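# Chain and residue survey
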Amino acid sequence: MNARTRRLTTAQALVRFLSAQYTERDGVRRRLIAGTWGIFGHGNVAGVGQALLEAGEDVMPFHQGRNEQSMVHAAVGFARQLNRLSAQAVTTSIGPGATNLVTGAALATINRLPVLLLPGDYFASHAPDPLLQQLEHPVEADVSVNDTLRPVSRYFDRITRPEALIPSALQAMRVLADPAETGAVTLALPQDVQAEAYDWPEEFFAERVWYVRRPAPDPVELAAAVEAIRSAGRPLIVAGGGVHHSEAEEALKAFVEATGIPVASTQAGKGSLRHDHPADLGGIGHTGTAVSDDLARTADLVIGVGTRYTDFTTASGTLFQNPEVRFLNLNITGFDAHKLAARTLVCDAKSGLEKLLEALSGHRVGQEYEAEYRSGKDRWEEIVEAVYRADDENAVPTQTQVLGALDAVVGDDDVVINAAGSLPGDLHKLWRSRSPRQYHLEYGYSCMGYEIPAGIGVQQAAPGTPVWALVGDGTYLMMPTEIVTAVQEGLPVNIVLIQNHGYASIGGLSQETGGERFGTAYRFRAADGTFTGAPLPVDLAANAASLGMDVRRAKTVRELREALAAARASDRPTCVYVETDPAPTAPPAEAWWDVPVAETASREAAVEARERYDRQVAGRRRHL
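Residues numbered from 1 in each chain as written. Predicted model: local features only at pLDDT ≥ 70, side-chain atom pairs only at ≥ 80, totals over all residues. Heavy atoms only, no water.

What follows is about the sheet that holds strand β14 (residues 280-283). Taken together, the 6 strands give an open sheet; going across it, the order is β14-β13-β12-β15-β16-β17, and neighbouring strands pair in parallel fashion. Every interior strand has two partners, whereas the edge strands, β14 and β17 (343-346), have only one. Between one strand axis and the next, the sheet turns through 20 degrees on average, direction left out of account. As paired strands, strand β13 (residues 263-265) and β14 are joined by 2 bridges and run parallel to one another. Across the sheet, the residue bridging to S265 is G283, located in β14. Relative to the sheet, helix α10 (residues 249-259) contacts β12 (235-239) and β13, its axis offset from that of β12 by approximately 170 degrees. (Pairing = 2+ DSSP bridges. Helix = DSSP H or I, 4+ residues; strand = E, 2+ residues; numbered from the N terminus. Axes fitted to C-alpha atoms, helices over the stretch in contact; angles between N-to-C directions. Contact = heavy atoms within 4.5 Å.)

Here's what the structure looks like:
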């Protein structure tokens, strides 16, 4: 080896390269790849596994996982907590280890969150074909199961020669650090290439800083946006996840306090303003608050900040009903900024809001409009208080009373994590976010099983932060395995495990759409063959205890409050198990969501559901 090269295997070179990558924004520098999750098999044990061992923990921290999908979820939780400025890698074997990454990759890309995936692959030489777990394609010999990761990755490459890693690794870092392009990045690594040595240029291992830019708005777009805001009588801001990713919360607060324009938030944007700010109206859309959705129906200008306008936000195109409504979208991604035929500000959320505030000097909405939305906010707070309150401390708690008990225990910096079931709707309507990072809902993909591993990722990103993973029994049964990781690493993640004996959320949706809750209850078969017998005798609390958690069972509201307080005070992973009263207590949906109903059916429930569906779908608008 001469002075300008270093002889390493491809895997060793990749690990060394990753250890020298950094991001920087606003003068703050972080490692871009802060650690690597892994489960080893014949596709990566002698390549990436050996390289991680040789490099050591100081160069690249290693985290042992139990399920490949959940390792990606943990990495996503880590990246979201750090506003996408730092990420983690995930390495797997070939075969099922690699394909288990697909769900996590889709979640990361849909939510615009960075994660680096390093699955093993077939031999590039094809010398031992077909090897164990290899997919053989009769006419495309270069296809492997890793190609399933292509559509859910923002960048994909298969490294078939050592030197091919150099340009591909640089492109991978560019995408991970780019706020407009980020998502899952996949470098598929043939196992023979991982172990092959090459004389690498020393420059490849030099420290690199990827500056996370804050593009300012175009002057022409800015002038048009200012004119639109000045001429609007009922403007409404829809705050999305981009507010958090850009760390634009203070800029939004300053903008709102100067202009009086109210803010409604998507699932990803909730917490952009503290819940008790006079202009914070809570969630918007199908799971939104009454005050947000009422204002959305009459708004003449909707200002989207960092949102991609999913169907939950727009109530499947039925929410924004003012005939004169127009849209102004501030987004770092042009693809999202142009949605709903909007005027656009393609820029960073923080810099865009600051420029808008400067240009709107002296402008403020009318006093009557402010009084209207503040009064609506007060009325909604009364509803929240009512559903949180438990008049009988010895009663079995409802799900909303569980949230009320948790609300009374958490501090401003606690993080509450959820992704699927009926909880996202209740949380979006009712949760009182006290800080920008407290409300951690993965609702881009709404992936059951996300919560527990994401809690681990948040703990890694913010040690000492109390973390609450809220899961129902359906979600828990899908993926509880990373509890073992939390116990192994001594990460005091708190799980609030709600037992309601089935897929309660989908059961409710099934009832509404004519499905009569078919196949949604966790019960024995009855005499007629349906799942309507007694509840299954599954003890999830005992299961959590068997995986190493401290478990506290709560049968009443009083016991629940005590258990939550004890969990928060503990320095060990703790599960609070509670069986809830199944009676729905959350406020009903304030806006529609389009789930198509059978157009023809013989059962009365489906016929009636179709009649309701036809009435609702008639209100859909295409904003052109």
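Turning to the side chain of N146, a few remarks are in order. Relative to the elements of secondary structure, N146 occurs in the loop between β7 (115-121) and β8 (155-158). Given a relative accessible area of 1%, N146 falls into the buried group. Among the polar contacts made by the side chain of N146, one reaches the side chain of D121 at a distance of 3.0 Å. Discounting chain neighbours no more than four positions away, the residues touching N146 are A98, P119, G120, D121, F156, R158 and A188. (Buried < 20%, exposed > 50% of the residue type's maximum accessible area, 1.4 Å probe, protein only. Polar contact = N/O pair within 3.5 Å; in protein donor to acceptor, adjacent residues only side chain to side chain.)

Moving on to the sheet that holds strand β11 (residues 208-211). Each strand in a sheet pairs with another by means of backbone hydrogen bonds, the pair being arranged parallel or else antiparallel. Taking strand neighbours across the sheet as the criterion, the 3 strands line up as β3-β2-β11 in an open arrangement whose pairing is mixed. In this open sheet, the two strands that pair with only one neighbour each are β3 (28-31) and β11. Averaged over all neighbouring strand pairs, the angle between strand axes comes to 30 degrees, with direction disregarded. Pairing analysis gives 4 bridges linking strand β2 (residues 21-25) to β3, with the strands arranged antiparallel. Along β3, the bridge assignment pairs R25 with V28. Contacting β2, β3 and β11, helix α1 (residues 10-19) crosses the sheet at an angle of about 20 degrees to β2. Across the sheet, helix α6 (residues 165-177) lies against β2 and β11, angled at about 35 degrees from β11, the strand it touches most.

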